[in-house]
Amino acid sequence: IIPQFYVEALLNLKVHYTSGKPAPHKAILLLAISDLIESGVISKNEIGMTEALKVAFEDRWNKHVPKDSQYKSAVWTPYWHMGYEEFWHFVPLDGVSEATIANLAAGHTASIGKMKSHIKYSTLDDELFRLLSDNVGRIKLRELLINTWL
């Protein structure tokens, strides 16, 4: 069973709307992460800005987002903006303060170069990571994301 906190968090992702349609990027990113957890590419709660994540994001994008969508595929934009979600946490590189991360873009998307020079990786709440690591939890969370956002 999915705790209500995560149901609410995923139903109420902070997303951009254009012409009344929600941007699918955060849902696609979470689905890509679930795919990498399922396949064992992500085995611990450390979500790096990797080529594997980019490829998994593109695969999910191509599966769920129509080719004529007003939105364009861009994995690093939702990676950055996930920082506004309560369950997503940036882990700074050694020598970089959390305050620096918080002020990095002051409401704008940081470039991939800036992110890589400040952020070691991101983590999910431990409980959410456990849910995504469990087959039943992963399926339920995927259904919730797909039915709500895609």
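Predicted model, so just to flag it, every value in this text is computed and none were measured. (Residues numbered from 1 in each chain as written. Predicted model: local features only at pLDDT ≥ 70, side-chain atom pairs only at ≥ 80, totals over all residues. Heavy atoms only, no water.)

Points about the overall build of the chain
When helices and strands are tallied, the chain shows eight helices and four strands. Secondary structure elements of the chain, listed N to C terminal, follow the sequence α-β-β-α-α-α-β-α-α-β-α-α. The globule rule puts the C-alpha radius of gyration for 150 residues at 15 Å, and the 15 Å found for the chain is close to it. Each principal axis of the C-alpha atoms in the chain carries an extent, and together these give about 40 × 35 × 30 Å. When the 150 residues of the chain are sorted by exposure, 47% land in the buried category. Sequence separation of at least 24 residues holds for 75% of the intrachain contacts in the chain that already meet a minimum separation of 6. Here the chain displays about 8000 Å² of accessible surface, and carbon together with sulfur accounts for 53% of that area. (Helix = DSSP H or I, 4+ residues; strand = E, 2+ residues; numbered from the N terminus. Rg over C-alpha atoms; globule rule 2.2 N^0.38 Å. Buried < 20%, exposed > 50% of the residue type's maximum accessible area, 1.4 Å probe, protein only. Contact = heavy atoms within 4.5 Å. Areas by Shrake-Rupley, 256 points an atom, 1.4 Å probe, with all protein chains shown as cover.)

Some details on the packing of aromatic side chains
In the structure shown here, the tally under the stated rule is six aromatic pairs. When the ring of Y79 is compared with that of W88, the centres are 5.3 Å apart and the planes differ by 90°; the resulting orientation is edge-to-face. Here W80 and F90 contribute two aromatic rings whose centre-to-centre distance is 5.3 Å and whose plane-to-plane angle is 20°, an arrangement assigned as stacked. With W80 in helix α4 (residues 76-81) and F90 in strand β3 (residues 88-92), this residue pair connects regions lying ten residues apart in the sequence. The same class applies to W80 and to F90, which are both buried. Taken together, the aromatic side chains of W76, Y79, W80, W88 and F90 make up a single cluster linked through ring pairs. (Phe/Tyr/Trp six-rings, centres within 6.5 Å; stacked < 30°, edge-to-face > 60°.)

A closer look at the side chain of D125
Mapped onto the secondary structure, D125 falls in the loop between β4 (119-124) and α7 (126-133). Of the side chains with opposite charge, R130 lies nearest to the buried D125, which makes no salt bridge, at 9.2 Å. Beyond its immediate sequence surroundings of up to four residues, D125 is in contact with F5, Y6, N45, E86, F87 and H89. (Lys, Arg positive; Asp, Glu negative; His and termini not counted. Salt bridge = Lys/Arg side-chain N within 4 Å of Asp/Glu carboxyl O.)

Some details on the nonpolar core
Ranked by size, the top nonpolar core spans 49 residues in total, and within it L29, L53, Y79, F87 and W88 carry the most contacts. Counting residues per element, the ones that place at least two in this core are α1 (4-11), α2 (25-39), α3 (51-64), α4, β3, β4, α7 and α8 (135-149). The element that contributes the greatest number of residues to this core is α2, accounting for nine residues. (Core = buried A, V, L, I, M, F, W, Y, C linked by side-chain atoms within 4.5 Å.)

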